[in-house]
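Below are the chains, spelled out letter by letter.
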Amino acid sequence: MNFNLTMEAQLVHKKSTEASTEHLSGSEAVVKCLLAEGVDTLYGYPGGAIMPVYDELYKYQGKLNHVLTRHEQGATHSAQGYARISGKVGVCIATSGPGATNLITGIADAQIDSTPMVCITGQVGSHLLGSDAFQETDIIGISTPVTKWNYQITKASEIPEVFAKAFYIAKSGRPGPVLIDITKDAQFEMFDFEYKKCTKVRSYKPVPNTEYDSIEKAALLINQAQKPLVVWGQGVILSEAEEQLKAVIEKAGIPSAWTILGASAIPTEHPLNVGMVGMHGNYAPNKLTNECDVLIAIGMRFDDRVTGNLETYAKQAKVIHFEIDPAEVDKNVKTNVAVLGDAKRSLEKLLPLLEQKSHLEWLNQFEKLYQIEYNKVIANDLHPTKKGLTMGEVLKEINTQTKGQAAIVSDVGQHQMIACRYANFNVTKSNITSGGLGTMGFALPAAIGAKMAAPQRDVVAIIGDGGYQMTIQELGTIFQTGVAVKIVVLNNDFLGMVRQWQQLFFDKRYASTELVNPDFITIAKGYHIEAKRVTKREELATSVKEMMDHDGAFFLEVCVEKEGNVFPMIPTGASVSDIRLE
Amino acid sequence: MKEQLYTLSIYTENNVGLLNRISAIFQRRKINIESINSSISEIEGITRWSIVVEVSEEQIRKIIGQIEKQVEVIRAYYHTDEETIYQESCLFKIKSDLLFEDRQIQNIIKESNARIVTVNREFFVLEKSGRKSEVELLYRELKSFGIMQFVRSGRIAVTKEELKISTLLKAVTA
């Protein structure tokens, strides 16, 4: 048996009838590849080593929209926002050296949050590789631990196969970021271009086989359960299994909670939606994780922010794990039944095996605990009687104005937890936030990408005053493109989450968390973006309405109470049972 | 959990950068690689890696999962010493005078089953293959005579059980 190892052999091509050869430069081929993959928008920043590709983007500007961000990090987050709201592959492009290294935060974010993304970087000429040439950096080496796959192209002839492979790998199975580095000489080189989509890579199995036996075992456990609990994650959204999940939980009557990235897969108001799990999640699903008899995890990975102390996490429960990535099974929590494969297909097969049930008494326990949380926390967050504005009431107002139809793009910190806790989601793929990496500065550029991918939808960015200033320059992108994002900065003049921890665990030593902020209104206006500041409760409703009614981009600063805290809270290392309400 | 030596056999494509990708999986968990070897395998065009690490079984299972997740990795296995036949190889460079003048060193060479690779006026080179303990024993015995240079290869290992890698590859390329 002869295994030929050329690039061609790694790709098993679909027969393409329209494949024809054209004599092109490498850089034009890059653009042709993107068009062949259905890319309509890409985000980036030009520079020396990527200029040939930019020259082609100039020629193809009617067909391919390049968005000039103000920093390469912004380009990655925009591509992520684009990908998260649409399910399509986000694309960003940068030059070599600093352009490439500036992508790393976004790539790491996409890796840990399983976001399909293709990043293209220019590289110095191949004869200069390793010579410490101007703007040379080993981006393949640097990006390796945070990419699903990466490849350096030094010959134009490699471009079609590598791009086809990149898009296939980024999107298939558990999605992730892929980086393609292209030397400048390969961009100039002429070759015979022919594009074929990639449908298979022999060393890569994107979706593991599902053993029907495991689905039967799962069904048996669920049918026998008295107190089943579903915890779903982003896997449901990535495999577009929302309807299947809904059918399963409705048939088996299972209370269902979500991880931060799973939010919006099932509407907030669904009677079986019992809220968010994790550090700042809801009281009931956290507490009752340690009382359920069968825990059904679907497309989630038992992150430490979800589980708290693993030694005391759901020890009483039988655990069923629906998972596409075999490496996640038994990684953090030992499972009794692992159902490998795509969530949508697995849930489809599970549904007919389930008995019709309603666990009313069990569901009632969630309701009781919700009431406790409501009285202790939610009432004060949403209907405060004290003077200072709360973050929660801003979210409530946004819910009212958008009727829960908006996509909410949040940054990282207190406002993020509040946004995820209180936003009303009636549409899937609507919670766009940096979950795994916790990247401050994510929201503003991500909102740009989200709005461009779904221009018909309202996209509201909820950002803290700290994170806002990490990528504030993207206001320039908003101004230049006219993208109609709504920007809400919840300003407490603090790095609020760190301050909260300092208050609770470091005896109120507020080390470097107080911010002396600029006049955000003046800054927004400097970019010719409509802007308004709210300091009083009476102004809130009309201001949010004004923002949503406004035709273009709008900046709304809400000055909230300075030292508000986010509760409930599971302190680091504590058990989910020890969730605190104050 | 008890830590012990595990040998990993990893079948991969032969691509630039894969060493970095695999070693990063260990580095990220602060696991020291005891030895690493990359070579051709029984299948044309497929690279076989032999990596030795000292970890717990739980760790090695998770690491295998992370390695197999890499796009260019075809399959990864882990084995205990009992499950494999393994060898290391080493070279000693020693002054030639000793070989001719010292009877004892001749006996050591004979008893150790080491092989003289080359001899010239100044030095001779001794090659020894075997398990780590055998190599180390010879090292200790020769040390008192003065070793000009010493080098030892990483472990290479084959398993007693069949690895169904060819069948697997046929299935994916079909």
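S.K.: Go over the overall build of chain B, please, and point to the residues and values.
M.R.: Of the regular secondary structure elements, chain B holds six helices and nine strands. Summarising its shape, the C-alpha atoms of chain B cover approximately 60 × 40 × 30 Å along the three principal directions. Burial analysis of chain B (174 residues in total) assigns 28% to the buried set. Long-range pairs, those at least 24 residues apart, make up 75% of the contacts in chain B with a sequence separation of at least 6.

S.K.: Break down the environment of Leu-389 of chain A for me, with residues and values.
M.R.: With respect to the helices and strands, Leu-389 of chain A occurs in the loop between helix H16 (360–382) and helix H17 (391–402). Setting aside residues no more than four positions away along its own chain, Leu-389 of chain A makes contact with Val-394, Arg-537, Leu-540, Val-558, Cys-559, Val-560 and Glu-561 of chain A.

S.K.: How would you explain the nonpolar core if you had to name every residue and give the values?
M.R.: The biggest cluster of nonpolar side chains holds 184 residues, and the ones touching the most others in it are Val-118, Ile-180, Val-409, Ala-461 and Val-488 of chain A. Looking at this core element by element, the count peaks at nine residues for helix H8 (residues 159–171) of chain A. Beyond its immediate stretch of four places on either side in the chain, Ile-180 of chain A contacts Val-118, Ile-120, Tyr-151, Ile-153, Val-162, Phe-163 and Ala-166 of chain A. The next biggest cluster of nonpolar side chains, apart from the first, holds 20 residues, and it includes Leu-8, Ile-64, Ile-67 and Leu-169 of chain B.

S.K.: Which residues make up the sheet that holds strand E17 (residues 407–410) of chain A, and what values do they have?
M.R.: Residues and elements named next belong to chain A. Pairing within the open sheet is parallel, and its six strands lie in the order E18-E17-E19-E20-E22-E21. Single-partner strands in this sheet number two, and they are strand E18 (431–433) and strand E21 (530–534). Neighbouring strand axes in the sheet, compared pairwise and without regard to direction, differ in orientation by 20° on average. Examined bridge by bridge, E21 and strand E22 (residues 554–559) share five bridges and lie parallel to one another. Note that in E22 the partner of Glu-530 across the bridge is Phe-554.

S.K.: A description of the interface of chain A and chain B should follow, citing residues and the corresponding values.
M.R.: On the side of chain B, 24 residues touch chain A, which itself brings 20 residues to the contact. Partitioning the side of chain A that touches chain B into residue classes produces 11 nonpolar, five polar and four charged.

S.K.: Describe in detail the domain arrangement of chain A, supporting the description with residues and values.
M.R.: Interface size is often expressed as the accessible area that is lost when the parts come together. Residues and elements named next belong to chain A. Split into domains, chain A comes out as domain 1 (7–201), domain 2 (212–365) and domain 3 (387–559). Computed from C-alpha atoms alone, the centre-to-centre distance between domain 1 and domain 3 is 31 Å. Each partner contributes to the interface: domain 1 provides 25 residues, whereas domain 3 provides 27 residues. A breakdown of the residues in the side of domain 1 that touches domain 3 according to their chemical character gives eight nonpolar, 13 polar and four charged.

Conventions we followed
- Residues numbered from 1 in each chain as written.
- Chains lettered and ligands numbered in written order.
- Predicted model: local features only at pLDDT ≥ 70, side-chain atom pairs only at ≥ 80, totals over all residues.
- Helix = DSSP H or I, 4+ residues; strand = E, 2+ residues; numbered from the N terminus.
- Buried ≥ 20, exposed ≤ 12 C-beta atoms within 10 Å, placed from the backbone.
- Contact = placed C-beta atoms within 7 Å.
- Core = buried A, V, L, I, M, F, W, Y, C linked by C-beta atoms within 7 Å.
- Pairing = 2+ DSSP bridges.
- Axes fitted to C-alpha atoms, helices over the stretch in contact; angles between N-to-C directions.
- Nonpolar A, V, L, I, M, F, W, Y, C, P; charged D, E, K, R; others polar.
- Domains from an automatic or database assignment.

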